[in-house]
Number of protein chains: 2
Amino acid sequence: MPKRRATISDVARLAGVSIATVSRVVNGTAPVAEDTVQRVREAIATLGYTPHAAARKLAGRETGTLGVLLPEVAAEFFFPLVRGIAEEVRNAGYDLLIHVASSGQESSLSTPLGEHNTDGLLIFTGRLSDEEITRLYDAGFPMVLLYRSPPDDLPIPYVMFENKKGARALIAHVISVHHCRRIAFLRGPEGNEDSEWRERGYREALENHGIPFDEDLVGMGGFDADIARETVEHWLQQGLDFDAIFAGDDEAAMGVMAALRHAGKKVPDEVAVLGFDDINSAKLMAPPLTTVRAPIQAAAAGAAQALLAQLKGEEPPRQLRYPTQVIIRQSCGCD
Amino acid sequence: MPKRRATISDVARLAGVSIATVSRVVNGTAPVAEDTVQRVREAIATLGYTPHAAARKLAGRETGTLGVLLPEVAAEFFFPLVRGIAEEVRNAGYDLLIHVASSGQESSLSTPLGEHNTDGLLIFTGRLSDEEITRLYDAGFPMVLLYRSPPDDLPIPYVMFENKKGARALIAHVISVHHCRRIAFLRGPEGNEDSEWRERGYREALENHGIPFDEDLVGMGGFDADIARETVEHWLQQGLDFDAIFAGDDEAAMGVMAALRHAGKKVPDEVAVLGFDDINSAKLMAPPLTTVRAPIQAAAAGAAQALLAQLKGEEPPRQLRYPTQVIIRQSCGCD
DNA sequence: ACGCTTTCTGAAAGCGTTTACATCATACCA
DNA sequence: TGGTATGATGTAAACGCTTTCAGAAAGCGT
């Protein structure tokens, strides 16, 4: 039973001014006499007035808020991501609303975000269907894609990492330094572009070193510890032979290590384990994980900047490609 | 340069009906003739009409969306939390908006959430100041507190785990089964209620077994791997003697293990490590972590239900206390 | 004292919906 | 056959705010 909230009119009445004046002191959009400001401020305070955001949006043209669309599954790297975005957005004076998909319903815009309700959108891989994205694009709605390229080559800005290059360098390391020859690869979720590029890097490295690609050495990791673990356990059971596993990402690597440990396989002596992302726990694993650092927070901040730029009418970069860097720790056999 | 979006009037004009009728077919709030429905549907489709959420909120009384206020730092257990909430909320036909605090600004309600803009709020520990919470309460705003009790004993529903009981049982286990005597404890963030209760459980267990509490064995873990790691490294450096570490939560436990491993201390042979929460990676650690399972997702779902109940005018439970369960794995010395 | 700015303020027109309230057929019952 | 529910639709009044437009008051140069 919420009591009716104070509205701008209530404030105006109490302060003995018009609602226009109240609006002006609240927003500082026009000069107001000092004592009037005082009275209005007091009135606001005693009434505990808070502007009604919906009304504001309706009246003004901009909503002052940006939306982020995230998929249901979210891994550890979600945080640097959100943090990177949040900081940029906040600095620019916008608010940030995050919408997490719930299982089942996928790829649809829900009421509170998008179009009328936010000034722009940061869209994570897989959150929206190509059609939906195209529709928004056609409507001239500002957005930036995270870790996926736009459908139909639409000129929508997007951020990506140098997945291929990083993966290639990582694999090259275990081949040339640790003489691994049977290197398994765990794919990410179906259709994930990051995973596709990592796989290409993996294949290129093999090719460069004259190692034939073996489909048997590729399995599903899903960028998920449990899935990766299952796959590796399955492999172990059927006696698949490998001397290294590139888990696709760090989460999966964690699952891989657990499976190996459980089976009594020594990491890295018997099997090298490789990740991708360099999430916070990578350095805490046993042994510390050799991986590829993806500047997640920086990329997220870049994405936010690109969105903000669009909002200001500037031409944002078509593509933001962030460099990756191999981080050698112990899970590959170094040290 | 977004083209002007289609409004309800555009649809009405194209379909040759009044805006009221359009509204009715959109919301299904009143019977409309079948062929009229058809015409309106078509008009909506050809115009690509999407209702303006702000206008809707302004006009109707409810916003149809619930807000979640999260602190800046968010750990792995954030996900089950969000998932639990999201599912309940979605099932009830509400939308969910998550607002993540950005560093610096704390405990303040930002424009897009709260009061006029959501019908209710789920508030995480530390996100809002007592004053702010009290103000919202006074305004009759529906909310549920996560992992903290209400200020001034206000009758605001809140969810908590049986922290004390779980911690007590956990510590009792290492004392009686593994004969640990010098058990260190890592506190969570300043003022965190979960941490306080866990500490009480820890102390009670000590007391029950006649072990004197030693302030030197208590340090800061911050529910954070890096902080915990530093503390333990510091302890190790100054030669502090302990045979077990209760890390406060699982994240911290991960840091503890890393510090111990780095120093060449065997877990669990030389030092037992204990966590709390049973996050996904707990079972993947080396060795798998003995911890206390907190039904995070269930608790979150319960919180959401309590909020929804309030919205329906029902009397929600004052407090939701979720049971915890000791999960014995290997880091304590079992197996 | 006169015009001209400059400052401050109010009236009122939207913004895109929802939702009484009213209207008008049409159908049903006695 | 008159009377009354019932169904389908339109009219118009909110909802709480921003903003344009104009007007009043005040300052200033001549």
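Residues numbered from 1 in each chain as written. Chains lettered and ligands numbered in written order. Predicted model: local features only at pLDDT ≥ 70, side-chain atom pairs only at ≥ 80, totals over all residues. Heavy atoms only, no water.

Asks: Describe in detail the overall build of chain A, supporting the description with residues and values.
Replies: When you go through chain A residue by residue, the secondary structure sums to 11 helices and 12 strands. Here chain A has a C-alpha radius of gyration of 26 Å; the compact-globule value for 335 residues is 20 Å, and the former is much larger. Every one of the 335 residues in chain A was classed for burial, and the buried ones make up 57%. For chain A, the accessible area works out to roughly 14100 Å², and carbon and sulfur atoms hold 49% of it. Where the 34 positive side-chain charges of chain A centre and where its 46 negative ones centre are 7 Å apart. (Helix = DSSP H or I, 4+ residues; strand = E, 2+ residues; numbered from the N terminus. Rg over C-alpha atoms; globule rule 2.2 N^0.38 Å. Buried < 20%, exposed > 50% of the residue type's maximum accessible area, 1.4 Å probe, protein only. Areas by Shrake-Rupley, 256 points an atom, 1.4 Å probe, with all protein chains shown as cover. Lys, Arg positive; Asp, Glu negative; His and termini not counted. Charge placed at Lys NZ, Arg CZ, Asp CG, Glu CD.)

Asks: Tell me what's going on with helix H1 (residues 8-15) of chain A, and back it up with residues and numbers.
Replies: Residue and element names in this part refer to chain A. For H1, the complete set of buried residues consists of Asp 10, Val 11, Ala 12 and Ala 15. The N-terminus of H1 is capped by Thr 7, whose side-chain oxygen sits 3.1 Å from the backbone nitrogen of Ser 9. Where H1 terminates, the next one or two residues include Gly 16, which has phi positive at roughly 70 degrees. (Polar contact = N/O pair within 3.5 Å; in protein donor to acceptor, adjacent residues only side chain to side chain.)

Asks: Give me the nonpolar core: which residues, what numbers.
Replies: In terms of nonpolar packing, the biggest core is built from 178 residues, with A:Ile85, A:Tyr147, A:Leu260, B:Ile85 and B:Leu260 touching the most fellow members. Per-element accounting of this core gives the leading share, nine residues, to helix H11 (residues 296-311) of chain B. In contact with A:Ile85, not counting residues within four places along its chain, are A:Val68, A:Leu96, A:Leu122, A:Leu146, A:Ala300, A:Ala301 and A:Ala304. With 13 residues, the next largest nonpolar core counts B:Leu69, B:Leu136, B:Phe141 and B:Met160 among its residues. (Core = buried A, V, L, I, M, F, W, Y, C linked by side-chain atoms within 4.5 Å. Contact = heavy atoms within 4.5 Å.)

Asks: Describe the sheet that holds strand E7 (residues 218-220) of chain B, and please don't skip the residues or the numbers.
Replies: Residue and element names in this part refer to chain B. An order of E7-E6-E8-E9 is seen for the four strands of this open sheet, with the pairing classed as parallel. The two strands at the open ends of the sheet, each matched to only one other strand, are E7 and strand E9 (272-274). Along the sheet, successive strands turn relative to each other by an average axial angle of 20 degrees, direction set aside. Where strand E6 (residues 183-187) meets strand E8 (residues 244-246), three bridges bridge the pair, whose relative direction is parallel. Note that in E8 the partner of Ala 184 across the bridge is Ile 245. Along the sheet, helix H8 (residues 193-208) makes contact with E6, E7 and E8, crossing E6 at roughly 165 degrees. (Pairing = 2+ DSSP bridges. Axes fitted to C-alpha atoms, helices over the stretch in contact; angles between N-to-C directions.)

Asks: Explain the side chain of B:Glu162 to me, using residue names and the numbers behind them.
Replies: All names here are of chain B. Among the structural elements, Glu 162 can be located in the loop between strand E5 (158-161) and helix H7 (163-176). Its relative accessible area of 16% is what places Glu 162 among the buried residues. Among residues more than four places away in sequence, those in contact with Glu 162 are Arg 321, Tyr 322, Pro 323 and Thr 324.

Asks: Outline the protein's contact with DNA strand D, listing residues and values.
Replies: Not every one of the 29 residues close to DNA strand D is listed here, only the nearest: A:Ile8, A:Tyr49, B:Thr21, B:Arg24 and B:Thr36. Between DNA strand D and the protein, one listed contact pairs a phosphate oxygen with a side-chain N or O atom of A:Asn27 at 3.0 Å. Contact between DNA strand D and A:Ala55: a base nitrogen at 3.3 Å from a main-chain N or O atom of the residue. Elements represented by at least two residues in the surface near DNA strand D include exactly helix H2 (19-27) and helix H4 (53-59) of chain A together with helix H2 (19-27) and helix H4 (53-59) of chain B. Top contributing element to the surface near DNA strand D by residue count: H2(A), with five residues. (Near = heavy atom within 4 Å.)

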